[in-house]
Amino acid sequence: MKSPCISVCALNGDDVCEGCFRTGMEISRWGTMSNDERRAVLHRCTERAREMGRIW
């Protein structure tokens, strides 16, 4: 499964990337995660983006 990185790599004060909405830990672990774990991360990213008002 491809990384959701869009090359806007900037962690905010909550340790969430402003580009892909993953946490620093999720970014660092991405390469060793199973596809099921990656799907769970992507779901959390969508929720974070909503909470941050980036998607509706």
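Here is what the cut-offs are and how they apply
Residues numbered from 1 in each chain as written. Predicted model: local features only at pLDDT ≥ 70, side-chain atom pairs only at ≥ 80, totals over all residues. Heavy atoms only, no water. Salt bridge = Lys/Arg side-chain N within 4 Å of Asp/Glu carboxyl O. Helix = DSSP H or I, 4+ residues; strand = E, 2+ residues; numbered from the N terminus. Buried < 20%, exposed > 50% of the residue type's maximum accessible area, 1.4 Å probe, protein only. Core = buried A, V, L, I, M, F, W, Y, C linked by side-chain atoms within 4.5 Å. Contact = heavy atoms within 4.5 Å.

Enquirer: Go over the pattern of salt bridges, please, and point to the residues and values.
Expert: The tally for this structure, following the rule as stated, stands at 6 salt bridges. Residues Arg44 and Glu26 are paired through a salt bridge, measuring 3.2 Å at the closest nitrogen-oxygen approach. Here Arg44, found in helix H2 (residues 35-51), pairs with Glu26, found in helix H1 (residues 24-29); they are 18 residues apart in sequence, far enough to count as distant. Take Arg44: its relative accessible area is 37%, and that puts it in the partly exposed class. Linking Arg39 and Asp36 is a salt bridge whose minimum nitrogen-to-oxygen distance equals 2.8 Å.

Enquirer: Describe in detail the nonpolar core, supporting the description with residues and values.
Expert: Nonpolar side chains in soluble globular proteins tend to end up buried together. Residues Val16, Phe21, Trp30, Met33, Val41, Cys45 and Ala49 constitute the largest nonpolar core, which totals 7 residues. For Val16, the residues in contact, after removing those within four places along its chain, are Ala10, Leu11, Phe21, Arg22, Thr23, Arg48 and Met52.

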